[in-house]
Amino acid sequence: MSIKEIESMFTHNDKYYILFNRVDSSYNYLYFFNPKNQNRSLLYGENLSLVISKCLTNPSIKCLECHLGSQILGAVSLDKGDIVQNNITVEEANTLLKDLKQKVMEQKKSIKLF
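Below or above, wherever it landed, is the structure these notes cover. Quantities reported herein were computed from a predicted structural model and do not represent experimental measurements.

**Focus: the environment of K112**
Turning to its location among the elements, K112 is positioned in the segment after α2 (90-103). Given the relative accessible area of 29%, K112 is considered partly exposed. Between the C-alpha atoms of K112 and L56, which are 56 residues apart in sequence, the distance is 24 Å.

**Focus on the pairing of strand β3 (residues 28-33)**
Most of β3 is tucked away: 6 of the 6 residues are buried. Side chains N28, L30 and F32 of β3 all project onto a buried face; the interleaved residues Y29, Y31 and F33 project onto the opposite face, where all are buried too. Where strand β2 (residues 15-22) and β3 come together, 6 bridges link them in antiparallel fashion. Counted as the bridge partner of Y17 is F32 from β3. Counted between consecutive antiparallel strands, the loop separating β2 from β3 contains 5 residues. Sheet topology places β3 next to strand β4 (residues 40-45); 6 bridges connect them, and they run antiparallel. Paired with Y31 across the strands is L42, a residue of β4. Hairpin connection of β3 to β4: 6 residues between the antiparallel strands, including Q38 at a positive phi of 70°.

**Here we look at the pattern of salt bridges**
Taken as a whole and judged by the stated rule, the model has 3 salt bridges. In this structure, the salt-bridge partner of K36 is D14, at a minimum N-O distance of 3.2 Å. A residue pair is termed long-range when its members are at least 10 positions apart, and K36 in the loop between β3 and β4 and D14 in the loop between β1 (3-12) and β2 qualify at 22 residues. Both residues of the pair, K36 and D14, belong to the exposed class. Residue D24 pairs with R22 through a salt bridge whose shortest N-O separation is 2.9 Å. Here D24 falls in the exposed class, since its relative accessible area comes to 51%.

**Remarks on the packing of aromatic side chains**
Applying the stated criterion to the full structure yields 5 aromatic pairs. The interplanar angle of 10° and the centroid separation of 5.0 Å between the aromatic rings of F10 and Y17 together place this pair among those described as stacked. Residue F10 is classed as buried on the basis of its relative accessible area, which comes to 14%. Aromatic rings pair up to connect F20, Y27, Y29 and Y44 into one cluster.

Definitions and cut-offs
- Residues numbered from 1 in each chain as written.
- Predicted model: local features only at pLDDT ≥ 70, side-chain atom pairs only at ≥ 80, totals over all residues.
- Heavy atoms only, no water.
- Helix = DSSP H or I, 4+ residues; strand = E, 2+ residues; numbered from the N terminus.
- Buried < 20%, exposed > 50% of the residue type's maximum accessible area, 1.4 Å probe, protein only.
- Pairing = 2+ DSSP bridges.
- Salt bridge = Lys/Arg side-chain N within 4 Å of Asp/Glu carboxyl O.
- Phe/Tyr/Trp six-rings, centres within 6.5 Å; stacked < 30°, edge-to-face > 60°.

Shown next, in the form of structure tokens:
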């Protein structure tokens, strides 16, 4: 599981986001981290970059990940100490995040494993 390309890195509503692609997958992956409460998620799906770009042009949207809905095919999330996983294991997510840390040195501290 290696990272093919970092599509974008940005902040929105005080959260850090990294949108990227894997070498062996046609899906988009999105990692986000909320430094206020340490919540984070790694999710993947179809056409995430298109949906996210539309959301970023709408100033009324505060929660990007909330608008991804049916585009999400799998995710690992940590919210208030609880880990939820769907169609991707914590181990797979952590492997991807370790690779992502190597690719994205400037936001390395905002990439936290599960």
